[in-house]
Each structure stands twice: as structure tokens, then as C-alpha cells.
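Report on the structure
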Amino acid sequence: MRRRLRPILALVLAPVLAGCFASGGGSSDSADTGSRLRVALAFPPAENLSPYGADSTILSRLGVTEGLTALDANGTAAPALAASWRQEDEKTWLFTLREATFQDGSKVTPAAVAAALTHATRAAPAPAALAGVTLTAKAEGAGDVRITTGAPDPILPLRLSSPSLAVLSAKAYKEKDDVDPVGTATGPYELTKVMGNTAATLDRYDDYWGGRAQATGIDVRFVADGTARASALRTDQVDLAEAIPVAQAATLAKGTRDEATATTRTTSLLLNSQKGPFKDAALRAAARAAVDTSALAEDVHEGYADPGAGIYGPAVTWAAGRRTEPVGRAEPGRPDGTRVTLATYDNRPELPEVAQVLKQQLEEAGFEVTLEVREYSRLESDALAGKFDAFVLARNTLVDTGDPVSVLASDYTCDGGYNIAQLCDKDVDRAVAKAERATDTAGRQDAAMAAEARILGTDAVVPLVHQRIITGVGTSVSGALLDPYERTLVGIGTRR
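Residues numbered from 1 in each chain as written. Predicted model: local features only at pLDDT ≥ 70, side-chain atom pairs only at ≥ 80, totals over all residues. Heavy atoms only, no water.

Things to note about the packing of helix α10 (residues 404-412) against helix α11 (residues 426-437)
To describe two helices that pack against each other, one gives the angle between their axes and the distance between the axes. Direction vectors running N to C along α10 and α11 enclose 150°, while the axes themselves pass 9 Å from each other. Taken together, α10 and α11 sit at an angle that is classed as roughly antiparallel. Regarding α10 and α11, the two cross each other, and that crossing is left-handed. For the pair α10 and α11, contact is made by Val 405, Leu 408, Ala 409 and Tyr 412 and by Val 428, Asp 429, Val 432, Ala 435 and Glu 436, respectively. Counted by class, the contact of α10 with α11 contains seven nonpolar, no polar and two charged residues. (Axes fitted to C-alpha atoms, helices over the stretch in contact; angles between N-to-C directions. Helix = DSSP H or I, 4+ residues; strand = E, 2+ residues; numbered from the N terminus. Parallel < 35°, antiparallel > 145°, perpendicular 65-115°, else oblique. Left-handed = near helix turned anticlockwise from the far one by under 90°. Contact = heavy atoms within 4.5 Å. Nonpolar A, V, L, I, M, F, W, Y, C, P; charged D, E, K, R; others polar.)

The following block contains the structure:
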């Protein structure tokens, strides 16, 4: 069933990238200053590198942007631009800033931070980290920012770690409906040039508050084809390549290594519950019953994934012990030749294969399936507009805030900003709202799992596999940040 890639394909693709990763920016490559890094990313910018959407993780993975807080290895909030914080009452927090500067030379002041967060609250659509949340940020004295939320928000420090709530200088917001991260962020690398959705150049920001980065800069190419990314790494055209296809992992043995990282990413089948054939809960149940997740994990992902257990997978270590059975599932109906359109994207190389296997499984159950595959940036707007009956999505469940409830609010509630399933169910909304109100960690986790049971009961989402992401790392590279939350890749200690 697997579509084995022919060796000649890699040889054809390799010359396409030749010369694309030559060091740029005019920075020194001497041993004293370190070399420039060459990085191949899977996802071209879909929103002109706006920090408010999916592109925000591109900026954070490359060390360009930062927020007030960061997410540590344990999934808790850690200091970033804020050195410390304290909760004043159930709706108010005070964040004390560290001394730092923006890449345009201006200082990170309380007024600048408050303005940046205010811009984020006014973005349309709202950043996923702010789904269902209202907040007001105000400068307080010479070094503090006071943030007040409309309702109690016990995970605000976690929320502010989201890449979509990065703090940029005033220069970034000069255009009314646009945000420009070029030279306006605070991270160790400054975005200096963007070549559409094909490439970008970054130079080291020597005045970074956390110390000078070891590499002098980064030359980035956005390469949607997974085989081409693996080939570029294998032939020493790049130093780091994300999302290596599992079929290519074994080819990286000489001169490179592949690092498989357990992540909080779940690949799911999302069924349009608002219009089309899957508005019928019985047909959604029929689609769910037709799916064999073990075949996807073992055959398509070749063991680099676990069969789908829920919205949260094994990397969310507390979830399995709290999971309960789905609530309110309908009995499967009879497809009887019902025609559906199934869509996915090819930036993550296993997804088209997953979709092809799903097509076969659904057709065996009685559906007639048309498969559509595009590059993600050419697919996202149609997916969010509900133009497909079914959609295969690989979603990092903790990337937006590190909080398990946030992904439920953004992806599965009536007002969710990333609701590809078009789900609007009053029982789900109530369960998610209850989880959002939970203040202690254990109670929040229990409430999140109760909400998961409600969501799975609608069959608007069918968890398929929980992924382990393969990152290609050149043997001369040290310090790559292999992050289960997929927010970071290059840091101040990454070099070759």
C-alpha cells in the first residue's frame, strides 16, 4: 500500500536546491564568530509571516520572536521578556520586565509591551491563544505591565508564551492592517529579508539580552517537498531539515542523523459538521467506524507514530489516566455511495499517504471519495471556510498556549478561530467553558478530558495517529532544539 519513493527522484530533486543555501547576509564565517546555519523548513509562510496565525511558529522556531514568557521542558511558564510575575487578584497579573532591546534599537518598555499585546487583541481573526479571552494590558511605572482579563484566567502566564503573542516594537505596527516582524522583534536572530514564500535571511542580533548566538545568521528555504528536504540534508546543502519523511529516514545514515521526537502533535480526520453530508451525525459515525488507525501508524508512519487514542496523545503524559469514553455518539448510518471531498496538504509528507489510505477505507465502507492535496498555504483559507467535507490535519495540541484547554476552545467551539470541523455544539461549548474556569492543574486536566469526551462524541474529529516528528540534523551541527511542542529549533547555542 505504501508508495515507495524511487531513488532517482532524490537525484532529480537534489540539483533543484543546489546553490540555494549558500551563505548570505555578508556575515563572517570564521571560526571565531561561527558559521551561518542553513535550514530547510516544511511550511512556507501562509500569512506573510504575521505573528498572529500559523506563521508565528516559523518566527519562534528560528529564534526571531519572543513573548513575555516561554514554555519550559515540563510545559510550565518560564521567564522570557518578563523576568517575573505575580497574580494580584483573580483577573489581574503584574509582569516585571527584564532589560532588553528590540532589533531596531529601541528599548523594550512597558508601554511598548502593552501596545504589542493590545494589537494582538485587535487582530482579526484573533490569535488562537486568545480564543474566548479578553485582556487589557497597561504600562505600570518604569518596568511593569499590568494585564487584566475579562474573566479569571488561571493560565495567563502559559497563554502569554504563545508564539502568536510575541512582542514587537512600535515600528512593526505602522501599517494599519499589517504587522512587520522584519527587524522589529527581540530574539537572538533578526529577520532581515523575506523572499516571498520561498526563502528568508536572518542575521545574528548581537545585543540580544540572553547573550550572543553562536551562529552568525540563518539562511532559510521553505521546501514543501519532504523528499527534497531529505535530499538537501543528505547532500550537505542544509544543516537542519524539519519533517523528514519516514521513508527517507534510513537514507540519512551517512553524514547526517535523524532525531525522532515524541511530540504533542495529533493527526486527525476532521469532518465538516455544519454543511454537506457530514452534517448528519450518523454519517460521521460511519466514517469514524471505517477508520483503522493501526494501519496508519504501522504502515504509513512505519512505527514513527502511535494509533490515535484521543485529541491528546502519549506525549501528554497525564491524559491517558484521565481519559473517559466519548459521550453521546450516534449509531453509524449507511453511506450508500455518499460523495465526499477529502483534503489534506503535502508539507508533512505522510499526510497524503494517510489520506490515500483513508480514501480506501471510506470507500470500502460505502462512501465515494474525491481526494484533494495542495500545499498548506494554498489550502488553509478554504479549510477554515468549510469548503471540504473532510480534512486530514496534523495539529500540535499544546503549541498555542501549552494549556490543554486552549486547543479545544480554538478548534471545537462555536467561536473557535481554527474550527476546521465547523463544530458548534452547545454541550461541547459548556464543557470547554467549564474547563476554562478550572484553576488548579489537576482539576483543569480532568475538565479537559471531560470536554474531550464530549468532542469525540460528536465524531466531528477522529484521532488517527500521534506523531513522532523526524528532524534531520547534520553531524557538524550541535545545539539544535528538538522541542516536543515544536516552538523552537534554533537557539543561541545552535551552531556548526
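Focus: the pattern of salt bridges
Taken as a whole and judged by the stated rule, the model has 28 salt bridges. Notably, a salt bridge pairs Arg 146 with Glu 88, separated by 2.7 Å at the nearest N-O pair. With Arg 146 in strand β7 (residues 144-149) and Glu 88 in strand β4 (residues 82-89), this pair connects stretches of sequence that are 58 residues apart. Exposure remark for Glu 88: the relative accessible area of 30% places this residue in the partly exposed category. Close ionic contact of Asp 206 with Arg 204 constitutes a salt bridge, the shortest N to O distance being 3.0 Å. In this structure Asp 206 comes out as partly exposed when scored by relative accessible area, which is 45%. Arg 204 gets classed as buried once you look at its relative accessible area, which sits at 13%. Each of the salt bridges in this network shares a partner with another, and the network as a whole consists of Arg 38, Asp 236, Asp 239 and Arg 496. (Salt bridge = Lys/Arg side-chain N within 4 Å of Asp/Glu carboxyl O. Buried < 20%, exposed > 50% of the residue type's maximum accessible area, 1.4 Å probe, protein only.)

A few points about empty space enclosed by the protein
Per the stated rule, a full pass over the model turns up six cavities of 30 Å³ or more. Along its surface, the largest cavity is lined by Ala 243, Ile 244, Val 246, His 301, Arg 348, Pro 349, Glu 350, Gln 467, Arg 468, Ile 469 and Ile 470. The greatest single-element share of the lining of the largest cavity, amounting to four residues, is contributed by strand β17 (residues 461-474). (1 Å grid on protein atoms, 1.4 Å probe; cavity = no way out; pocket = protein on both sides within 12 Å on 5 of 7 lines; lining within 4 Å. Points joined across faces, edges and corners; volume = space filled by probe spheres on them.)

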